[in-house]
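Structural overview
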Amino acid sequence: QVQLVESGGGLVQPGGSLRLSCAASGVTLDYSVIGWFRQAPGKEREAISCISSTDGTTYYRDSVKGRFTISRDKTTSTVYLQMNSLKPEDTAVYYCATDLNGRSTWRCRNPKEYDYWGQGTQVTVSS
């Protein structure tokens, strides 16, 4: 069984921080690409950040550069998204996904590249 489980979402005030986790089971994340996406109600899904376990490269959407950091723990097959200086426009459901054949992040913004998706975790930034 292959499963991705997101956690760490919640309600936070503007300027606050959250750390999202994506735990993988039933599959190794070695030599794969893991992506974080988000989707607000009535809006299209957008790629936030990606990381390659193969070459170590990362990608960040312009709107989160300097605020979000993606990382991975190879031992626990977990990928993290540290989110700082959160803004109301960051409010969305956040999803992680894995491309088991991925090697680099050059095409990680395309959701069609991913094999498995988590169920999502809600992030709400509000006063």
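Everything below is about the structure shown above.
The structure contained in this document is the topic of the report that follows. (Residues numbered from 1 in each chain as written. Predicted model: local features only at pLDDT ≥ 70, side-chain atom pairs only at ≥ 80, totals over all residues. Heavy atoms only, no water.)

Spatially, 4 strands are ordered E1-E3-E8-E7 in an open sheet, and the strand pairing comes out antiparallel. The open sheet has two edge strands, strand E1 (3–7) and strand E7 (68–73), and neither has a second partner. Pairwise comparison of adjacent strand axes, ignoring direction, gives a mean angle of 15 degrees for this sheet. As judged from the 6 bridges shared by strand E3 (residues 18–25) and strand E8 (residues 78–83), these two strands associate in the antiparallel manner. Bridged to leucine 18 within E8 is methionine 83. (Pairing = 2+ DSSP bridges. Helix = DSSP H or I, 4+ residues; strand = E, 2+ residues; numbered from the N terminus. Axes fitted to C-alpha atoms, helices over the stretch in contact; angles between N-to-C directions.)

Our next topic: the pattern of salt bridges. This model, assessed by the stated rule, comprises 6 salt bridges. Put simply, arginine 61 and glutamate 46 hold a salt bridge, and the shortest N to O gap is 3.0 Å. One end of the pair, arginine 61, is in the loop between strand E6 (58–60) and E7; the other, glutamate 46, is in strand E5 (residues 46–52), and 15 residues separate them in sequence. A relative accessible area of 29% places arginine 61 in the partly exposed class. A salt bridge links glutamate 113 to arginine 107; the nearest nitrogen and oxygen atoms lie 3.5 Å apart. Judged by relative accessible area, arginine 107 falls into the partly exposed class, the value being 37%. (Salt bridge = Lys/Arg side-chain N within 4 Å of Asp/Glu carboxyl O. Buried < 20%, exposed > 50% of the residue type's maximum accessible area, 1.4 Å probe, protein only.)

What follows covers the packing of aromatic side chains. Working definition: an aromatic ring pair is given by the centre-to-centre distance plus the angle between the planes. Tallied over the full model, the rule gives 3 aromatic pairs. Both rings, one in phenylalanine 37 and one in tyrosine 114, keep their centres 5.4 Å apart while their planes meet at 90 degrees; by these two values the pair is edge-to-face. Residue phenylalanine 37 is located in strand E4 (residues 33–39), and its partner tyrosine 114 is located in the loop between strand E9 (92–99) and strand E10 (116–117); the two are separated by 77 residues in the primary sequence. By relative accessible area, which is 8% here, tyrosine 114 ends up buried. Pairing phenylalanine 37 with tryptophan 117 gives two aromatic rings, centres 4.9 Å apart and planes at 50 degrees, and the pair type is tilted. One end of the pair, phenylalanine 37, is in strand E4; the other, tryptophan 117, is in strand E10, with 80 residues separating them in the sequence. Taking the relative accessible area as the measure of exposure, tryptophan 117 reaches 27% and is therefore partly exposed. The side chain of arginine 45 reaches across the aromatic face of tryptophan 117, ending 4.7 Å from its centre. (Phe/Tyr/Trp six-rings, centres within 6.5 Å; stacked < 30°, edge-to-face > 60°. Lys NZ or Arg CZ within 6 Å of the ring centre and 35° of its normal.)

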